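# Structural features, examined
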Amino acid sequence: MFSAFSSIDCDSIRTRTPVDAAAKRLDGIGHVLSDLDISAIQTQDDVNRTLWTLDAAVKCVRAVVAEFRVQPGADQLIRKSRNLIDLIEQARGEVLNSRDTILN
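Residues numbered from 1 in each chain as written. Predicted model: local features only at pLDDT ≥ 70, side-chain atom pairs only at ≥ 80, totals over all residues. Heavy atoms only, no water.

### Some details on the environment of A22
For A22, the position within the fold is in helix 1 (residues 18-33). A residue is classified by how much of its surface remains accessible, and A22, at 0% relative accessible area, is buried. A sequence separation of 39 residues divides A22 from V61, and the C-alpha atoms of the two residues are 9.5 Å apart. (Helix = DSSP H or I, 4+ residues; strand = E, 2+ residues; numbered from the N terminus. Buried < 20%, exposed > 50% of the residue type's maximum accessible area, 1.4 Å probe, protein only.)

### With respect to the pattern of salt bridges
With the rule as written, the count across this model stands at 5 salt bridges. One salt bridge in this structure joins D46 and R49, with 3.1 Å as the shortest N-O distance. Taken together, the residues span about one helical turn, with D46 and R49 both in helix 2 (residues 44-68) at a distance of 3 residues. D46 gets classed as buried once you look at its relative accessible area, which sits at 18%. Between D55 and R92 there is a salt bridge; the shortest N-O distance is 2.4 Å. In this pair, D55 sits in helix 2 while R92 sits in helix 3 (residues 74-103), placing the two residues 37 residues apart along the sequence. Here D55 falls in the partly exposed class, since its relative accessible area comes to 32%. (Salt bridge = Lys/Arg side-chain N within 4 Å of Asp/Glu carboxyl O.)

### Details of the confidence of the model for the protein chain
Put simply, the protein chain has an average pLDDT of 85, and 84% of its residues get 70 or more. Per-element averaging of pLDDT across the protein chain places helix 3 at the bottom with 89 and helix 2 at the top with 95. (pLDDT = per-residue confidence, 0-100.)

### Some points on the environment of I102
In this structure, I102 sits in helix 3. Residues I102 and Q42, spaced 60 residues apart in sequence, show a C-alpha to C-alpha distance of 6.5 Å. Beyond its immediate sequence surroundings of up to four residues, I102 is in contact with I41, Q42, T43, Q44 and V47. (Contact = heavy atoms within 4.5 Å.)

In structure tokens:
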């Protein structure tokens with residue numbers, strides 16, 4: 001499991017404002033990614049599937065930010081999305097490193 005996402009607590013966020021709802025969506029994306037088990041990657045298909053999942057997650061994060069960018073408090077949302085994208089990029093690097101091991 002990619003543990004960087006496991007600290008996200010999506011149940012504790014109340015959605016009082018549109019930005020709260022967007023933050024909850026971002027936490028949901030992180031929660032889904034927390035189920036990725038990079039150490040279980042064994043084949044090129046596993047690598048491809050995981051990279052596709054990470055790419056899709058980045059697109060989802062960007063879609064959430066685009067939808068809520070004009071809301072008051074969006075700066076907090078943008079920081080949260082950048083952090084999530086950084087974690088996704090870190091996971092992508094780990095997957096690419098595991099790909100090198102699989103191919104050798």
